[in-house]
Amino acid sequence: MSDSPHQTVLLNEAVDALVQDVDGFYVDGTFGRGGHSARILERLSEKGRLLGIDKDADAIAVAHERFASDARFEIAQGSFAALAELVGARDMTGKVQGLLLDLGVSSPQLDEAERGFSFLNDGPLDMRMDRSSGQSAAEWLAGAPEAEIARVLKEYGEERFGKRMARALVAARAEQPITRTSQLAEIVKAANPAWEKGKHPATRAFQGIRIHVNNELSDLEAILAQALTVLAPGGRLVVISFHSLEDRLVKRFIRRQEKGQPLPAGLPVRDEQLDRTLKSVGKAVRASDIEVGANVRSRSAIMRVAEKL
Ligand SMILES: C[S@@+](CC[C@H](N)C(=O)[O-])C[C@H]1O[C@@H](n2cnc3c(N)ncnc32)[C@H](O)[C@@H]1O
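Residues numbered from 1 in each chain as written. Predicted model: local features only at pLDDT ≥ 70, side-chain atom pairs only at ≥ 80, totals over all residues. Heavy atoms only, no water.

### What about the pattern of salt bridges?
As a reminder, the rule being used: A pair is scored as a salt bridge if a Lys or Arg side-chain nitrogen falls within 4 Å of a carboxyl oxygen belonging to Asp or Glu. Strands are runs of DSSP state E lasting at least two residues, helices are runs of H or I lasting at least four, and both sets are numbered from the N terminus onward. Three labels apply to residues, based on accessible area from a 1.4 Å probe with only protein chains included: buried if under 20% of the type maximum, exposed if over 50%, partly exposed otherwise in between.
Per the stated rule, a full pass over the model turns up 19 salt bridges. Residue R180 pairs with D122 through a salt bridge whose shortest N-O separation is 3.1 Å. Of this pair, R180 sits in the loop between α8 (162–175) and α9 (181–191) while D122 sits in the loop between α5 (107–111) and α6 (137–143), and the two are 58 residues apart along the sequence. Overall, D122 belongs to the partly exposed group, its relative accessible area being 38%. The shortest N-O distance in the salt bridge between E155 and R151 comes to 3.5 Å.

Structure (structure tokens):
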């Protein structure tokens, strides 16, 4: 397991927005290395409780090590898409005071070559946050039809040369299986005719494949819907996203819940009959210049907060 640290992004901003009741029950859906969790626990009283969730066995090991002696804390291994079940099993449905999501991968996941997330460090082409289930990136690339690869690169990687890269990957795998991150990076790099300034030419392709392999967008959609049932009235949803696809999902979800059920125009409906479930709190928050200077990963972070009505 990598012992490289994870620099927590928007630490004060997220925890300030999240914790409104120090005796409450909170969920950190993306435990990572516990940066946000540690700060939440500092804020909570003896009565407060925190449930951490992570897909990654390394994160779970850190949670046991770091917070074993804190009776207010509990960790669950699995996808945060199982939120309603995890909260229900603790008899806390409708009673959660705050749910935090700090999406994407942690620095240790990226830095450890063996995890296969990085185009900079050569390693086995894995990219799974949960290595005990699902297909690795290498397994997926070995069998996926060209059109599916192109769609993943284009939709999830927002890679405009997705089709061209998919063609190159299919041609390359006919010669030799693509099993290393360096192989993937080289093939994609050679198929990229217009390198963006300041960006590795394989950045978008790696992002797209990672999102696909980990079901990142469908997990996010699933947990957002469940947040409405687990949160208590006044409870907060705090989401930190790192790319536009995630942020768009979060922004649209909050907007839809703020507006309530769409009704035919002209119906004589009072405001309170609209079935609104959330109200957004403040504007989207970005990392300060000081934070970006100290941690380049925070540059793309955007945090949105909403409160259950
Ligand atoms: C950016 S890191 C969180 C860092 C954490 N806030 C900290 O300060 O240490 C994201 C973590 O969420 C986990 N993760 C991402 N998607 C997940 C999902 N759908 N279910 C459970 N864990 C997930 C990853 O394994 C990773 O450990």
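### Observations concerning the UniProt feature "binding site: S-adenosyl-L-methionine" (unreviewed entry) in the protein
Put simply, the rule reads: UniProt positions are given in the numbering used here, feature names are shortened, and annotations may be inferred rather than shown by experiment. Throughout, a contact is declared for two residues whenever any of their heavy atoms are within 4.5 Å. The definition of a polar contact used here is a pair of N or O atoms within 3.5 Å, where within protein one atom must be able to donate a hydrogen and the other to accept one, and adjacent residues in sequence count solely through side-chain atom pairs.
When the UniProt feature table is mapped to this numbering, "binding site: S-adenosyl-L-methionine" (unreviewed entry) covers G34, G35, H36, D54, F80, D102 and Q109. Along the chain, G35 falls in helix α2 (residues 35–43). Position of Q109 among the secondary structure elements: in helix α5. For Q109, the contacting residues outside a window of four places in its chain are D56, R115, F117 and M129. At 2.6 Å, the side chain of Q109 and the side chain of D56 are in polar contact.

### Quick look at unusual backbone geometry
Positive phi outside glycine occurs at L10, with the angle close to 50 degrees. By secondary structure assignment, the location of L10 is in the segment before α1 (11–18).

### As for the pairing of strand β1 (residues 25–28)
Counted only if it meets this: Note on pairing: two strands pair once DSSP finds at least 2 bridges between them. With the strands pointing away from the viewer, any crossover whose connection runs clockwise from the first strand over the helix to the second is right-handed.
Across the two faces of β1 the burial is the same, with F25 and V27 and Y26 and D28 all buried. The pairing of β1 with strand β2 (residues 49–54) spans 4 bridges and is parallel. Bridged to Y26 within β2 is L50. As for the winding sense of the linkage, the β-α-β connection from β1 through α2 to β2 is right-handed. One ladder, built from 4 bridges, connects β1 with strand β4 (residues 96–102); its direction is parallel. If you follow V27 over to β4, its bridge partner there is L99.

### Observations concerning the site of the ligand
The condition that has to hold: We call a residue near a molecule or strand as soon as one heavy atom of that residue lies within 4 Å of the molecule or strand. Using a 1.4 Å probe, accessible areas were evaluated by the Shrake-Rupley method; residue-level cover was limited to the displayed protein chains. Gly falls in the polar group here, along with every residue not listed as nonpolar (Ala, Val, Leu, Ile, Met, Phe, Trp, Tyr, Cys, Pro) or charged (Asp, Glu, Lys, Arg).
Lining the immediate surroundings of the ligand are 25 residues, of which T8, H36, D54, F80 and D102 lie closest. Take T8: an N or O atom from its side chain is 2.6 Å from an oxygen atom of the ligand. At a separation of 3.1 Å, an oxygen atom of the ligand approaches a polar backbone atom of G34. Contact with the protein chains removes 98% of the 610 Å² of surface that the ligand exposes when unbound. Counted by class, the shell around the ligand contains 5 nonpolar, 13 polar and 7 charged residues.

### What to know about the pairing of β2
Counting buried positions along β2 gives 5 out of 6 residues, so the element sits mostly inside the fold. Both β2 and strand β3 (residues 73–77) contribute to a ladder of 5 bridges, which runs parallel. Pairing of L51 across the sheet is with E74, part of β3. Handedness of the crossover is the feature at issue here: the chain leaves β2, passes through helix α3 (residues 57–67), returns alongside β3, and the resulting connection is right-handed.

### Structural notes on the packing of helix α11 (residues 216–230) against helix α12 (residues 244–259)
When two helices pack together, their arrangement is given by the angle between the helix axes and by the axis-to-axis distance. For the record, the criterion: Throughout, an axis means a line fitted to C-alpha atoms (over the contacting stretch in the case of helices), and angles, computed between N-to-C directions, take values from 0 to 180 degrees. Should an angle fall under 35 degrees it is taken as roughly parallel, and over 145 as roughly antiparallel, whereas 65 to 115 is taken as roughly perpendicular and any remaining angle as oblique. For a crossing to be left-handed, the near helix must be turned anticlockwise from the far one by less than a right angle; the clockwise case is right-handed.
Interaxial distance between α11 and α12 falls to 10 Å at its minimum, and their mutual angle equals 25 degrees. It follows from the interaxial angle that α11 and α12 lie roughly parallel. In this structure, α11 meets α12 at a crossing whose hand is right-handed. Residues E216, L217, L220, E221, L224, A225 and L228 of α11 pack against L245, E246, L249, V250, F253 and Q257 of α12. Looking at the contact of α11 with α12 residue by residue, the classes come out as 9 nonpolar, 1 polar and 3 charged.

### Thoughts on the domain arrangement of the protein
For clarity, the cut-off: Source of the domain bounds: an automatic or database domain assignment. Computed with a 1.4 Å rolling probe, the buried area is the accessible surface lost when two parts are put together, summed over both parts.
In terms of domain boundaries, the protein breaks down into domain 1 (11–107 + 216–308) and domain 2 (131–213). The distance between the C-alpha centroids of domain 1 and domain 2 comes to 31 Å. Each partner contributes residues to the interface: domain 1 has 9 residues there, and domain 2 has 7 residues. A per-residue breakdown of the area domain 1 buries against domain 2 is headed by E216, H243 and L245, which together make up 58% of the total. Joining domain 1 to domain 2, the criterion identifies 3 salt bridges. For R210, the salt bridge identified is with E216, shortest N-O distance 2.8 Å.

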